[in-house]
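# Observations on the model geometry
Residues per chain are reported as follows:
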Amino acid sequence: MNLEGDKRLNLQLGLDFSSVPTGEARQVGREDIESPSAVSEPERPANTSRIMEDVCERANLKQALRQVRSNKGSAGVDGMTVDQLGDHLKQHWPAIREQLLNGTYEPKPVRRVEIPKPDAGGVRKLGIPTVLDRFIQQAVMQVLQRQWNPTFSHYSYGFRPHRSAHQAVAQAQQYIADGYGWVIDLDLEKFFDRVNHDKLMGQIAKRVEDKRLLKLIRAFLNAGVMENGLVSPSVEGTPQGGPLSPLLSNLLLDELDQELERRGHRFVRYADDCNIYVRSERAGQRMMESITRFIRQKLKLKVNEAKSAVARPQERKFLGFSFTAGSDIKRTIAPKSLERFKRRIRDITRRAKGVSIMTTMEEFAGLAQLFRLLRNTPSVDRSHSLGPVATAGCSLAPVENTTAPPGGTCRKRGLDMGCQEHGRQRPRSLVSRPQ
């Protein structure tokens, strides 16, 4: 490899890191954070030994920079802000690129941030990488996601292009309407903090041959955490706050998806929230015992028994929603989610006096997204209607088709949305229909 030649070529190309972002800003916690998926790629690309060259490709880097800028976010342990990143790259990118291609780049520790949990109290620990590390993670994520996303399960909805929490809730509602009236509600205990590094790296190594990239991902996992001025080593977990963590979590939990599909179960997963639907309580109890053992032994994770349960769907919440009982299955906002919504409304109106009217309207518009799932639309398949549209504050509307991507069926995008999966016949889901 002629590194000096690569360096000169890079300087000739003159990466325009100062360009103004043109892509849509990613909203934190939403599903459209990723780049669009490639069309029908094999699980193991023809050449996975030179992925780092794809990561350092000019167009990929410019896209990553736009994304990091649009995400904004806090500074890491070095104090560099998002606004300072462009100038830093102009001065230091040739050296950084050489380190990446040589396999010698060393990430900095993440900055520990604690945010309060909305429900049960306590705090959730986030790890904020430096802005430069977020930029590199974003560039890596974009390349890997184009290769991995088409291989993930159709019933995995979190942190994937053209997929959303609304689609996950609609799929769950369809299962209930089809007669699967019991749910195994799984809660993985401190999932992002408990990910086994060796297990995760083993899964990555099955798909990636580039030793430099494997070393870089391991370095991100082991970068350590700075808290109160002291750096402690990272021996497990993937810090929430980095662009790469959601993709790695989907890769690790893809093994769970494959096991559930192999057994022929009806399930829906959004990140570490997984619901499995069965017809009887007895079947649910057997399934809970079996899948808990699988998660402990195969994934090296732990199911939180206090928060997991086998119950009627009406007694549980999924992504902030619940469901009504009876023959007409409708969506409802879970009580705790509704209470948080009310508190948020009070907070916005309380400080509205010192904020511009446009800012206040934008905040209200963001909250209105919560009710997007509650409304009926003309695109609903009436042959599968689950009940009349409800007014605000009451039961919610029937399933609407929120999964069909623009421009055709998901099969055209490399996602198998049909009935055949793993040699067995799946019941045709309402959310798999074109609009």
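Structure shown above.
Below, the structure is looked at part by part. The residue count restarts for each chain, going from 1 along the sequence in the order it is written. Confidence filtering applies because this is a predicted model: local features only for residues at pLDDT of at least 70, side-chain atom pairs given and counted only at 80 or more, and all residues used for totals across whole chains, interfaces and linings. To obtain the side-chain values, all non-hydrogen atoms of the structure were included, while hydrogens and water were left out.

## So, the pattern of salt bridges
Basically, it comes down to this: The salt bridge definition used is simple: a Lys or Arg side-chain nitrogen within 4 Å of an Asp or Glu carboxyl oxygen. A run of H or I in DSSP becomes a helix once it reaches four residues, and a run of E becomes a strand once it reaches two; helices and strands are each numbered from the N terminus. For every residue, the accessible area obtained with a 1.4 Å probe (protein chains only) is divided by the maximum for its type, and the residue is called buried under 20%, exposed over 50%, and partly exposed between those limits.
This structure, assessed with the given rule, holds eleven salt bridges. Two residues, glutamate 255 and lysine 199, come together in a salt bridge whose shortest N-O distance is 3.1 Å. Taken together, the residues span a long stretch of sequence, with glutamate 255 in helix α10 (residues 245–263) and lysine 199 in helix α8 (residues 197–205) at a distance of 56 residues. What makes glutamate 255 buried here is its relative accessible area of 19%. One salt bridge connects glutamate 259 with arginine 263, and the closest N-O pair in it is separated by 2.8 Å. One end of the pair is glutamate 259 and the other is arginine 263, both in helix α10 and four residues apart, which spans about a single turn. Residue classification places arginine 263 among the partly exposed positions, given a relative accessible area of 28%.

## Thoughts on the pairing of strand β1 (residues 110–116)
We count it as follows: Should DSSP find at least two bridges between two strands, the strands are regarded as paired.
Pairing geometry for β1 and strand β4 (residues 225–227), over two bridges, is parallel. Looking at β4, one finds that arginine 111 is bridged to methionine 226. Strand direction decides the pairing type here: β1 and strand β2 (residues 123–128), joined by six bridges, are antiparallel. Note on β2: the bridge partner recorded for valine 113 is leucine 126.

## So, the nonpolar core
Under the convention used in this document: The nonpolar core is taken to be a set of buried Ala, Val, Leu, Ile, Met, Phe, Trp, Tyr and Cys residues, with the residues joined through side-chain atoms within 4.5 Å. We call two residues in contact when some of their heavy atoms are within 4.5 Å.
Core analysis: the biggest nonpolar cluster contains 86 residues, and Phe135, Ile136, Ile204 and Ile295 have the highest contact counts within it. Per element, the largest residue contribution to this core is ten residues, and it comes from helix α5 (residues 131–148). With sequence-adjacent residues up to four places away left out, isoleucine 295 is seen in contact with Leu186, Leu188, Leu256, Lys300, Leu301 and Val303.

## Focus: the sheet that holds strand β7 (residues 273–278)
Applied cut-off: The angle between two axes is taken between their N-to-C directions and runs from 0 to 180 degrees, where each axis is a line fitted to C-alpha atoms and a helix contributes only its stretch in contact.
Taken in spatial order, the four strands line up as β6-β7-β3-β8 in an open sheet, and their pairing is antiparallel. At either end of the open sheet lies a strand with only one pairing partner, and these are β6 (266–270) and β8 (309–311). Adjacent strand axes in the sheet meet at a mean angle of 20°, parallel and antiparallel pairs treated alike. Looking at chain direction, β6 and β7 are connected through five bridges and run antiparallel. For arginine 269, the partnering residue across the bridge sits in β7 and is cysteine 274.

## Quick word on α10
Spacing of three or four residues puts side chains on the same side of an α-helix, whose turn is 3.6 residues. The criterion, for reference: In this scheme, a helix's expected span is set at 1.5 Å multiplied by one less than its residue total. For a residue, the bend is simply the angle between two axes, fitted respectively to the seven-residue segment ending there and the seven-residue segment starting there.
Helix length check: α10, at 19 residues, gives a terminal C-alpha distance of 28 Å against a target of 27 Å (1.5 Å per residue), a fit within 8%. Residue leucine 253 marks the point of greatest curvature in α10, where the axis turns by about 35°.

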